[in-house]
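Reading the structure
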Amino acid sequence: MSSLLELSSKNATGRKHPMEFTRNIGIAAHIDAGKTTTTERMLFYGGVVHKIGEVHEGTTVTDWMVQERERGITITSAAIWCNWTTQEGPFAGIQNQINIIDTPGHVDFTAEVERSLAVLDGTVAVFCGVAGVQPQSETVWRQMDKYSVPRIAFVNKMDRTGADFYSVVEDIRSKLGGNAHPLYIPIGAEDTFSGLIDLVKMCAYVYDRSDVAGVKFHETEVPANMLAQADKYRQSLIECLCDFDDALAESYLDGKYISNSDLMMAIRKATVSREFLGVIPGSAFKNKGVQMLMDCVVNYLPCPLDIPPMIAYRTGKVEGEKQEISISPDDAGKVCGLAFKLYSDPYVGKLIFFRVYRGNLKKGASLYNPRTRKTERISRLLIMKANDRVDVEEVFSGDICAIVGAREVRTGDTLCDKEVDAELIPPTFPDPVISMCIEPNTTADQDKLSMALNRLSEEDPTFIVSTAEETGQTIISGMGELHLEIIRDRLFREFKVEAEAGKPQISYRETITTTATGEGKFIRQSGGKGQYGHTVIRVTPLARGKGIEIENASVGGVIPKEFIKPIIDGIRQATHNGVVVGHPVVDFKAEIIDGSFHDVDSSEAAFKMAGIFAARDAFEKALSILLEPIMSVEVTCPEEYQGDILGDLNRRRGKIHNMDNKKGLAILKAEVPLETMFGYATDVRSLSKGRANYTMEPSHFDQVPATVLKNMLDNSNRNYRS
């Protein structure tokens, strides 16, 4: 345990909180599991706020946007920090700084979760004590796996009717594959939930009923009627931890005494390895269990020094070669960090949220952007407190801050010392699934609308602005109806733009089903120098979600090297409009296999056009099909409405995958085309007299049935070649 308190030489002497005493964590969960309420309690117990805010009252610190407070949901991830001093464990008596990012739970704003997890060292996964693992819980879990984020679990709402802590733990094991073990178990449940039993110390914490703020609780012996149960779960915990700590395993097998400190160190080691999940029960709304959660954040989640080095890539000496380098936290090293979020602040301008992975960044310094090959001066450094901010002179390795002054920066950019000149791996985001046209109410608003949409698309990588080629209309695309509704609301409130939006449109895709070759020729002769471009390509289908691969497989110099890139550009341009209904083409590999050129007439423009023609010819021959976005839908309703809702899902072309019953409620899981789900919120309330709720998230793309495609083609007056 003492080794944790020996400060690394990688800490600068001017740091207030060394890296060992810094935690960068996210609060992530399904919508309405209690993330923001939990965050608010952490801020209260950490001394940041002196009055507890409530989501339903619109008074929480991290839900600061007008749209969040009106709807009672989190829309944008909010960064804030608090201090916490635990009384037990390896960090007992030491003030730790906890940097917290409260993330949205609604699937429409999943990009906020994605980019936050990309820069965090640990996560608190919040689960509802009644519902357990829900659809967005699974999505968030996959995102945590994607970015290799260690985590602990907080089973919230233990005061609610139907709460079952042990059922949720089993849910995590069976549905998420998590190696979940309680670190505490609840004393009572529902209206009798009164405290927690600490399985490490084997003591009980009972909350004072007279203190509604939950500050006062008493440490007592484990209740006699729960002693056997507590001992059972403690033994299970120790047996699990033996897999991660050889010394602990040896002591356990030899029947030796295992100290609390040894057990806590084993929990920390197992948690950081990402192969173990400690679970804590509580009720954030009733102010129970949050202090124990904060103890676990400090004692068990990693500090910046505990996580593996970040991987960055710099351009090698050979064209196309990438040289891999590692970026480890060190205040004395050259600065390197990731710009993971942009926000247009009405008072300070463009705010760039920045995770410092290495180095000591001072106000007024210059940072180099390897993507733009430009250096930009940082005029201000800010530490964010939700929508408030504190100016600072410098930040260090492991810090999360906001910078002002850099202009040509977008989400995912690396900012570093010019000598580093390497790019960190940026977060990735899903493609939009829904689109609609938007037009200003007056011509005077046209420029304001363009400016506002540009700034909003800079902030949000899942919000795409484009122009319809045939009509010239402005098209906005996003992750769902609510996403675009919020965008429209922000246009009016923040940018004072009055605009009308059309009916939402589905973001369809096209793909090929067989291998085919296509030939493209662009030959023009007008008396003087002509135009000549000729290429042959082969297209091959790829698995769904694999994207587009293009390579040059021509041999013998049939096409000069300088014309290969224009051909590739032409193929990519052809993918913007497919041959079925004119939607983007995805998931195929294209190989340039042959062609010819003219010594005088060939040009880059001619070969680009040849690439377009060859791609369209190949798409026609490769039996292209139309793909539509399929949504994963889960409906929870009283059992008496199960039949009506089941029938309605079938009418929407839904495929039912699972039906379950849990404490009088029917839980239906289905995959349903997005095209049929517009207005479903109103319909499902009508069918269940307001007693059903549902969640929906993107699942995959699948082929549009022939009958549906025929109707689409009839409506658009387009010809489909079968």
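Each remark here, short or long, concerns the structure printed above.
Values in this document were obtained by computation on a predicted structure and should not be read as measured data.

**Description of the overall build of the protein**
The secondary structure content of the protein amounts to 16 helices and 38 strands. Projected onto its principal axes, the C-alpha coordinates of the protein cover approximately 100 × 65 × 60 Å. Buried residues in the protein amount to 54% of all 722 residues. Taking all contacts inside the protein whose residues are at least 6 apart in sequence as the whole, residues at least 24 apart take part in 72%.

**Thoughts on helix H11 (residues 481-495)**
Structurally, the α-helix is built with 3.6 residues per turn, so residues lying three or four positions apart point the same way. Given a rise of 1.5 Å per residue, 15 residues ought to cover 21 Å, and the 20 Å separating the end C-alpha atoms of H11 matches this to within 8%. Elements that come into contact with the buried residues of H11 comprise helix H2 (66-71), strand E14 (336-345), strand E25 (434-440), helix H10 (446-459) and strand E27 (474-478). Trailing H11 by a residue or two, Lys496 shows a phi angle of about 55°, which is positive.

**Structural notes on the pattern of salt bridges**
A pair can form between side chains of opposite charge whenever their charged atoms are brought close. As enumerated under the stated definition, the model contains 36 salt bridges in all. In this structure, Arg268 engages Asp306 in a salt bridge whose closest nitrogen and oxygen atoms are separated by 2.5 Å. Taken together, the positions of Arg268 in helix H8 (residues 260-272) and Asp306 in the loop between helix H9 (290-300) and strand E12 (310-315) put the pair 38 residues apart, joining distant regions of the chain. Between Arg652 and Asp648 there is a salt bridge, and its shortest N-O distance comes to 2.8 Å. By the burial criterion, Arg652 is buried, and Asp648 matches it.

**Focus: the environment of Lys565**
Secondary-structure assignment places Lys565 in helix H12 (residues 564-574). Of the residues examined, Lys565 reaches a relative accessible area of 56% and is grouped as exposed. Along the primary structure Lys565 and Asn552 are separated by 13 residues, whereas in three dimensions their C-alpha atoms are 9.3 Å apart.

**Topic: the sheet that holds strand E33 (residues 548-552)**
Spatially, the four strands line up as an open sheet ordered E31-E32-E34-E33, and their pairing is mixed. The two strands at the open ends of the sheet, each matched to only one other strand, are strand E31 (516-524) and E33. Here the strands of the sheet are splayed against their neighbours by 25° on average, with no regard to which way each runs. Where E33 meets strand E34 (residues 588-596), five bridges bridge the pair, whose relative direction is parallel. Its bridge partner lying in E34, Ile548 is registered against Phe588.

**Concerning the side chain of Asp413**
Position of Asp413 relative to the elements: it lies in the loop between strand E22 (400-404) and strand E23 (414-416). Taking the relative accessible area as the measure of exposure, Asp413 reaches 4% and is therefore buried.

**Some details on the environment of Phe495**
In this structure, Phe495 sits in helix H11. Each C-alpha atom of the pair Phe495 and Leu449 lies 8.2 Å from the other, and the pair is 46 residues apart in sequence. Every residue in contact with Phe495, bar those within four places of it in the chain, is listed here: Lys448, Met451, Ala452, Arg455, Leu456 and Arg490.

Analysis parameters
- Residues numbered from 1 in each chain as written.
- Predicted model: local features only at pLDDT ≥ 70, side-chain atom pairs only at ≥ 80, totals over all residues.
- Heavy atoms only, no water.
- Helix = DSSP H or I, 4+ residues; strand = E, 2+ residues; numbered from the N terminus.
- Buried < 20%, exposed > 50% of the residue type's maximum accessible area, 1.4 Å probe, protein only.
- Contact = heavy atoms within 4.5 Å.
- Expected span 1.5 Å × (residues − 1).
- Salt bridge = Lys/Arg side-chain N within 4 Å of Asp/Glu carboxyl O.
- Pairing = 2+ DSSP bridges.
- Axes fitted to C-alpha atoms, helices over the stretch in contact; angles between N-to-C directions.

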